[in-house]
Amino acid sequence: MLKGKFSVEVRQDEISEKIGLQLKEFLLSSHLTEDVENPDYVFAIGGDGTVLRTFNKYMDKLDTVKFLSIHTGHLGFYTDYSVQNYEKIFFDILALTPKIEEYPLLRVKAYCSNGDLVSDYYSLNEVTVNNHTGVTYAAKVYINGVHFESFRGDGLCISTPTGSTAYNKSLGGAVIHPQLPLYQVTEIAALNNLVYRTLGNPLILSQNDELMIKPIRPENHRITVDHMHYNYDSVAKIKITLSKEKKVSFIRYNEDSFWQRVKRSFIKND
Ligand code: NAD
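If you're wondering where the values come from, they're calculated on a predicted model, not measured in any experiment. (Residues numbered from 1 in each chain as written. Predicted model: local features only at pLDDT ≥ 70, side-chain atom pairs only at ≥ 80, totals over all residues. Heavy atoms only, no water.)

**Student:** I keep staring at the layout of surface pockets and nothing clicks. Help me out?
**Tutor:** Here the idea is plain: a probe the size of a water molecule rolls over the atoms and shows the empty space left. When its volume is computed, the largest pocket comes out at roughly 300 Å³. Forming the walls of the largest pocket are 16 residues, and the residues nearest its centre are His71, His74, Ser82, Arg264 and Asn269. Mapped onto the lining of the largest pocket, the elements with two or more residues apiece are β5 (81-82) and α5 (258-266). For the lining of the largest pocket, the class distribution of residues is 3 nonpolar, 11 polar and 2 charged. (1 Å grid on protein atoms, 1.4 Å probe; cavity = no way out; pocket = protein on both sides within 12 Å on 5 of 7 lines; lining within 4 Å. Points joined across faces, edges and corners; volume = space filled by probe spheres on them. Helix = DSSP H or I, 4+ residues; strand = E, 2+ residues; numbered from the N terminus. Nonpolar A, V, L, I, M, F, W, Y, C, P; charged D, E, K, R; others polar.)

**Student:** Got a minute to help me understand unusual backbone geometry in this structure?
**Tutor:** Generally, phi is negative for residues other than glycine and the peptide bonds are trans, each holding for most cases. The backbone of asparagine 144 shows a phi angle near 50°, a positive value even though the residue is not glycine. Assignment of secondary structure puts asparagine 144 in the loop between β9 (137-143) and β10 (146-159). For aspartate 226, which is not glycine, the phi torsion reads 55° and is therefore positive. With respect to the secondary-structure elements, aspartate 226 resides in the loop between β14 (219-225) and β15 (228-234). Here aspartate 226 falls in the buried class, since its relative accessible area comes to 11%. (Buried < 20%, exposed > 50% of the residue type's maximum accessible area, 1.4 Å probe, protein only.)

**Student:** Quick question: what am I supposed to make of the packing of helix α1 (residues 14-29) against helix α3 (residues 88-95) here?
**Tutor:** Two quantities define a packed helix pair, namely the angle between the helix axes and the distance between the axes. Orientation of α1 relative to α3, taken along the N-to-C sense of each, is 20°, at an axis distance of 11 Å. One way to sum up the angle between α1 and α3 is to call them roughly parallel. Crossing geometry of α1 relative to α3 is assigned as right-handed. Only Ile89, Phe90, Ile93 and Leu94 of α3 make contact with α1, whose side of the interface consists of Gln22, Leu23, Phe26 and Leu27. Partitioned by chemical class, the residues of the contact of α1 with α3 number 7 nonpolar, 1 polar and no charged. (Axes fitted to C-alpha atoms, helices over the stretch in contact; angles between N-to-C directions. Parallel < 35°, antiparallel > 145°, perpendicular 65-115°, else oblique. Left-handed = near helix turned anticlockwise from the far one by under 90°. Contact = heavy atoms within 4.5 Å.)

**Student:** I keep staring at empty space enclosed by the protein and nothing clicks. Help me out?
**Tutor:** By the definition in use, this model includes 2 cavities of 30 Å³ or more. Along the walls of the largest cavity sit Phe77, Tyr78, Tyr103, Thr162, Thr165, Pro178, Arg252, Phe258 and Arg261, which together make up its complete lining. Within the lining of the largest cavity, the residues separate by chemical class into 5 nonpolar, 2 polar and 2 charged. Of the residues that make up the lining of the largest cavity, three or more belong to each of domain 1 (5-98 + 253-266) and domain 2 (105-244). Looking at the second largest cavity, its volume works out to about 40 Å³. Glu149, Val185, Glu187, Leu199, Asn201 and Leu203 are the residues that line the second largest cavity. (Domains from an automatic or database assignment.)

What follows is the structure, encoded as structure tokens:
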């Protein structure tokens, strides 16, 4: 049985709000207390987008917060419960001891030409870099300080293992087990010619590797982090690593494996 403080984050739609209310009443009657500021458990009810927004809200409290989600949309990669089976959560909370699964996050730092840090974010799904005016994005890519390739195209997508089933997958990246300590780089519409030559395949980097991207045209730079995007007048350098400081913890009650979720979402829902 869970003990402590909770918060329920709900997408603004009828079914999510109804389930949210029911869950809140259940948790209060089970002697947990509601504390939106400093919860031990955060329940996100909605879609993957709700999980991303909730994660972002509690970014500074990842050491103590554990997440659990009920999806009320079509897909729910971060969730074990759906509209069809959400009532099982009441039984599970009362009767079962949960497993806590930790997933790695990306850390992205951007610097301007005088070396000042202009942004420092953590990402649950992915980070993308591109030019927000729509001109071709050109950048030199370094791994551990050594020049690897020169990229020209729409941009680059750098994904966490849990984000591997999201944008990364649409770009032809590999689906990765969510607990592996690695991250993946995929190209977004790369141009390949005699001047710009890239590997062409997704790259999988280890937790000790640092990816550095130096835009050739620093102006009008955009960095997206999950569902958010940030535009900068100028960015000289972006450094991306798997975060050493932060991880995200999810509560798991059932044995529904990650690979079953992949099958159910992308191949066959039987
Ligand atoms: P959204 O909620 O409409 O999400 C877009 C889709 O991505 C939804 O179907 C959602 O279920 C799915 N999704 C999100 N995270 C996932 C994950 N980890 N695994 C599998 N599917 C996942 O839009 P939003 O709230 O702005 O979400 C932002 C996310 O949208 C980004 O993190 C990115 O992964 C995704 N996205 C995908 C594409 C693409 O596939 N071409 C393009 C842009 C953004």
